[in-house]
Amino acid sequence: MRVGHARAVAVGWVREEMRRDPSVGGAFFSGSTVGLPDDAVLPASSDVDVLLVRDAPAAKVGKFVHRGVLLEVSALTWAELGSPEDVLGSWVFAPMFRAGAVIADPSGRLAAIRDRVAAGFADPVWVRRRCAGVRRRIEDGLARLDERASLAEQVLGWVFPTSLLAVWPAVAGLRDPTVRRRYVRAREVLTAYGFGDRYEELLASLDGGGVGPDRVREHLAGLAVTFDEAARVARTPFPFVADLSAAGRPVVLDGSAELVAAGAHREAMFWVVVTYARCHAVLAADAPGRERVLRPAFEAAVADLRAASAADRRRRAAELLGSLPRWQAVAGAVAERAVAG
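Between helix α11 (residues 249-261) and helix α12 (residues 265-286), the least distance of the axes is 8 Å, while the angle of their chain directions is 160°. For the element pair α11 / α12, the angle class is roughly antiparallel. You can see that α11 and α12 cross each other, and the crossing is left-handed. Residue-level contacts link Val252, Ser256, Leu259 and Val260 of α11 to His265, Ala268, Trp271, Val272 and Thr275 of α12.

This is the structure:
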């Protein structure tokens, strides 16, 4: 399937939804399809992300198949999106609007944001602001590690801010920071701007030095069992629970297998461990007996990241925080070269 066809299906769904629900004030694309040409092939393991904008908060719609296309629909408020300058300074939202991702905009507010972002996206002042936002999120996240929380919560609290080190070069290089493939994107950007020799250090901040492909395949097999069990019992409305469904299964399992097949097995461990932790959060709430039975496989995956204990995660967080001044220099150099063209 071509990206252009998938986008057209998403646009059609948004139009139908806005007719059904007048509280939707606008919509735009997000995620990995932003910026791709219409004739690009959409991998079977990819979805099309859509953000609906409303005045008041609303629940995430989640993943579902519409006319043969896997959509993931989330919602945010106009206040959460912010002003054009807020978006221009946001490493999360600015790349979407730079790529012209507006789907529906009856009020013209999204067009105003798009035009402001397009005009200032590569301005060094705003590039530095977006990079500073990534660094701040790393520091704030790793400062909040809670050793009293469940293992799943502790792992999510450590792995997400840790992984933002991979987002930093992408933001500096004026690239869209993807989620599941963020380490692959970081490698591409570092290599393109002459810092390919720093990638091993960045990847080791995730896995502590390396996990072999056969071992990653074992973890994927274990995750498949855990995923299916979590999808079967899920009742508690976690924000991510819609991803743990039959519709979301190819994105996690097939997408991770594709990374392994491409030689990016170490990079795949990020989303493997994230999904394991989310599954165990669901199981602990909705099927605690099954959670205890399946926990050893999850613990083994975390151990292969050299982050098995709270002390390990605390040490790894301290090491990463200590490396930030060096990465600040790299990000600054990448940004300077990217802005210069």
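There's more to say after this.
Another aspect to go through is unusual backbone geometry. For Arg67, which is not glycine, the phi torsion reads 50° and is therefore positive. With respect to the element layout, Arg67 can be found in the loop between β3 (62-66) and β4 (69-77). Given a relative accessible area of 59%, Arg67 falls into the exposed group. Its identity as a non-glycine residue notwithstanding, Leu174 has a phi of 65°, on the positive side.

The biggest cluster of nonpolar side chains holds 91 residues, and the ones touching the most others in it are Phe28, Leu81, Phe97, Trp168 and Leu202. Ranked by the residues each element gives to this core, the list is headed by α12, at 13 residues. Each of domain 1 (3-121) and domain 2 (125-322) gives at least three residues to this core. Ala10, Trp13, Ala40 and Leu42 belong to the second-largest nonpolar core, a separate cluster that totals 24 residues.

This paragraph deals with the sheet that holds strand β2 (residues 48-54). What holds strands together in a sheet is hydrogen bonding between their backbones, with the strands either parallel or antiparallel. Reading across the sheet, the five strands line up as β3-β4-β2-β1-β5 and stay open at both edges, with mixed pairing between neighbours. Because the sheet does not close on itself, it has two edges, and the strands there are β3 and β5 (102-104). Across this sheet, the average inter-strand angle for adjacent strands is 30°, counted without regard to direction. Across seven bridges, the pairing between β2 and β4 is parallel. Bridged to Leu52 within β4 is Ala75.

Attention now moves to the domain arrangement of the chain. In terms of domains, the chain is made up of domain 1 (3-121) and domain 2 (125-322). Listed per partner, the contact involves 24 residues of domain 1 and 26 residues of domain 2. Summed over both sides, the interface between domain 1 and domain 2 buries roughly 1900 Å², with carbon and sulfur atoms accounting for 59% of that surface. Among the residues domain 1 hides against domain 2, the three largest losses belong to Ser45, Lys63 and Trp91. Together they make up 42% of the total. Run the count over domain 1 and domain 2 and you get one salt bridge. For Asp243, the salt bridge goes to Lys63, with nearest N and O atoms at 3.0 Å. Here domain 1 and domain 2 share four residue pairs in polar contact (both at pLDDT 80 or more) between them. Considered class by class, the residues forming the side of domain 1 that touches domain 2 number nine nonpolar, eight polar and seven charged.

About the criteria used
Residues numbered from 1 in each chain as written. Predicted model: local features only at pLDDT ≥ 70, side-chain atom pairs only at ≥ 80, totals over all residues. Heavy atoms only, no water. Axes fitted to C-alpha atoms, helices over the stretch in contact; angles between N-to-C directions. Helix = DSSP H or I, 4+ residues; strand = E, 2+ residues; numbered from the N terminus. Parallel < 35°, antiparallel > 145°, perpendicular 65-115°, else oblique. Left-handed = near helix turned anticlockwise from the far one by under 90°. Contact = heavy atoms within 4.5 Å. Buried < 20%, exposed > 50% of the residue type's maximum accessible area, 1.4 Å probe, protein only. Core = buried A, V, L, I, M, F, W, Y, C linked by side-chain atoms within 4.5 Å. Domains from an automatic or database assignment. Pairing = 2+ DSSP bridges. Buried area = accessible area lost by both parts, 1.4 Å probe. Salt bridge = Lys/Arg side-chain N within 4 Å of Asp/Glu carboxyl O. Polar contact = N/O pair within 3.5 Å; in protein donor to acceptor, adjacent residues only side chain to side chain. Nonpolar A, V, L, I, M, F, W, Y, C, P; charged D, E, K, R; others polar.

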